[in-house]
Amino acid sequence: ETKPRTPVLWLHGLECTCCSESFIRSAHPLAKDVVLSMLSLDYDDTLMAAAGHQAEAIFDEIIEKYKGNYILAVEGNPPLNEDGMYCIHGGKPFVEVLRRVAKDCKAIIAWGSCASWGCVQAAHPNPTKATPVHKVIIDKPVVKVPGCPPIAEVMTAVVTYMLTFDKIPDLDRQGRPKMFYGQRIHDKCYRRPHFDAGQFVEAFDDESARKGYCLYKVGCKGPTTYNACSTVRWNDGVSFPIQSGHGCIGCSEDGFWDKGGFYDRV
Ligand code: SF4
Ligand code: SF4
Ligand code: F3S
């Protein structure tokens, strides 16, 4: 209780803010406890009261006072085309702000598929040259928490782990925490017995769909998607896309927009 709270600077690049929307819905731990009691969220465009120059001044203060000891959380990514002009943050290209804040941080959390892989902005032909964080900041540990958005409790659990153990969690070869991205959706899917039995939905309104058969033949990407949806689930463990009747579109995988996650390429 007496330990000083770790400062976190949460930046927003090219993104839709639904990673933040997911984060604030965390039930275990509650997002309010993370933000108000566990860490010191000193900057976040969408979750702070301050604005303008007063808000921007916090960068200098935190970087100087907590050099090497603050965490940088990034939602979205920097577009590199036209010298970064496609995303301006406080009058400067976002990529410049990102590099400046990253320089003296302890570690970076890349929230969601935008920061981890590029996501929709980087979909072909990627006109703004949207680029994932680890390709711009190459000299800091980057913890990727992909998903569009990531599961709320996965986000808060990663933060909790880093604050509790003062280290980053074990990562797989792609930089994702193994504890949440070590298995495919398919490995723990409750429809898996139907897959194994060869019982498939052929059309979304057929009898097999009503019986809850496997969604593989209507495009489910669960067999190639690493995420915790079939175990942790969403909305405080209530459900996840497959349980709602739609196949996984692989939203936590690199390049899912271009790799057949959507209907025109199924
Ligand atoms: Fe939005 Fe998805 Fe990007 Fe998160 S990863 S900011 S949910 S587009
Ligand atoms: Fe695998 Fe998808 Fe079928 Fe579930 S619905 S068993 S994840 S193919
Ligand atoms: Fe995304 Fe698939 Fe989970 S679409 S939310 S990884 S079930």
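This write-up is about the structure you can find in this document. All residue numbers refer to position in the chain's written sequence, counted from 1. Just so you know, chain letters begin at A and ligand numbers begin at 1, following the order they were written in. Local features in a predicted model are, by the rule used here, given only for residues with pLDDT of at least 70; side-chain atom pairs are given and counted only at 80 or more, and totals for whole chains, interfaces and linings are based on all residues. Hydrogen atoms and water are omitted, and side-chain values are computed over all heavy atoms in the structure.

### Description of the nonpolar core
Turning to step 1, where the next piece is worked out: Buried Ala, Val, Leu, Ile, Met, Phe, Trp, Tyr and Cys residues form a nonpolar core when they are joined through side-chain atoms within 4.5 Å. Relative accessible area decides the class of each residue, using a 1.4 Å probe on protein chains only: under 20% of the type maximum gives buried, over 50% gives exposed, and in between gives partly exposed. Ranked by internal contacts, the top residues of the largest apolar core, which has 37 residues, are Ile 109, Trp 111, Val 145, Val 154 and Ile 242.
Turning to step 2, where the next piece is worked out: Going along the chain from the N terminus, every DSSP run of H or I of four or more residues is numbered as a helix, and every run of E of two or more is numbered as a strand. Looking at this core element by element, the count peaks at six residues for helix α7 (residues 152-165).
Turning to step 3, where the next piece is worked out: When checking whether two residues touch, look at their non-hydrogen atoms; a contact exists if any pair is within 4.5 Å. Apart from the residues within four sequence positions on either side, Trp 111 is in contact with Trp 10, Cys 19, Ala 73, Val 74, Glu 75, Gly 76, Val 145, Met 155 and Val 159.
Turning to step 4, where the next piece is worked out: Core analysis: the second largest hydrophobic core is formed by 28 residues, Ile 62, Ile 63, Val 74 and Leu 98 among them.

### Observations concerning the site of ligand 2
Turning to step 1, where the next piece is worked out: A single heavy atom is enough: if one lies within 4 Å of a molecule or strand, its residue is considered near that molecule or strand. Looking at ligand 2, the residues that line it are His 186, Cys 189, Arg 191, Arg 192, Phe 195, Cys 214, Leu 215, Tyr 216, Cys 220, Gly 222, Pro 223 and Ile 242.
Turning to step 2, where the next piece is worked out: Polarity classes work like this: nonpolar for Ala, Val, Leu, Ile, Met, Phe, Trp, Tyr, Cys and Pro, charged for Asp, Glu, Lys and Arg, and polar for all others, with Gly in that last group. Residues belonging to the shell around ligand 2 are distributed by class as follows: eight nonpolar, two polar and two charged.

### Quick notes on the packing of aromatic side chains
Turning to step 1, where the next piece is worked out: Any Phe, Tyr or Trp ring, taking Trp's six-membered ring, that has another such ring centre within 6.5 Å forms a pair; planes under 30 degrees apart are called stacked, those over 60 apart edge-to-face, and the others tilted. In this structure the tally under the stated criterion is 10 aromatic pairs.
Turning to step 2, where the next piece is worked out: On the basis of an interplanar angle of 45 degrees and a centroid distance of 6.2 Å, the ring pair of Phe 23 and Trp 111 is categorised as tilted. Of the two residues, Phe 23 is situated in helix α1 (residues 18-23) and Trp 111 in strand β6 (residues 107-111); the sequence distance between them amounts to 88 residues.
Turning to step 3, where the next piece is worked out: For Phe 23, a relative accessible area of 2% translates into the label buried.
Turning to step 4, where the next piece is worked out: Put simply, the rings of Trp 10, Phe 23 and Trp 111 touch in pairs and so form one group of aromatic residues.

### Some thoughts on the sheet that holds strand β3 (residues 71-75)
What holds strands together in a sheet is hydrogen bonding between their backbones, with the strands either parallel or antiparallel.
Turning to step 1, where the next piece is worked out: DSSP calls a pair of strands paired once it identifies at least 2 bridges connecting them. The five strands lie next to each other as β2-β1-β3-β6-β7, forming an open sheet whose pairing is parallel. A single partner strand is all that each edge strand has here, and the edge strands are β2 (39-44) and β7 (142-145). Strand-to-strand twist in this sheet, taken as the mean axis angle between neighbours without regard to direction, amounts to 20 degrees.
Turning to step 2, where the next piece is worked out: By the bridge criterion, five bridges tie strand β1 (residues 6-12) to β2 in an arrangement that is parallel. Its bridge partner being in β2, Trp 10 is matched across the sheet by Asp 44.
Turning to step 3, where the next piece is worked out: Each of β1 and β2 touches helix α2 (residues 31-38); the most contacted strand, β2, lies at about 100 degrees to it. Comment: axis = line fitted to C-alpha atoms, over the contacting stretch for helices; angle = value between 0 and 180 degrees taken between N-to-C directions.

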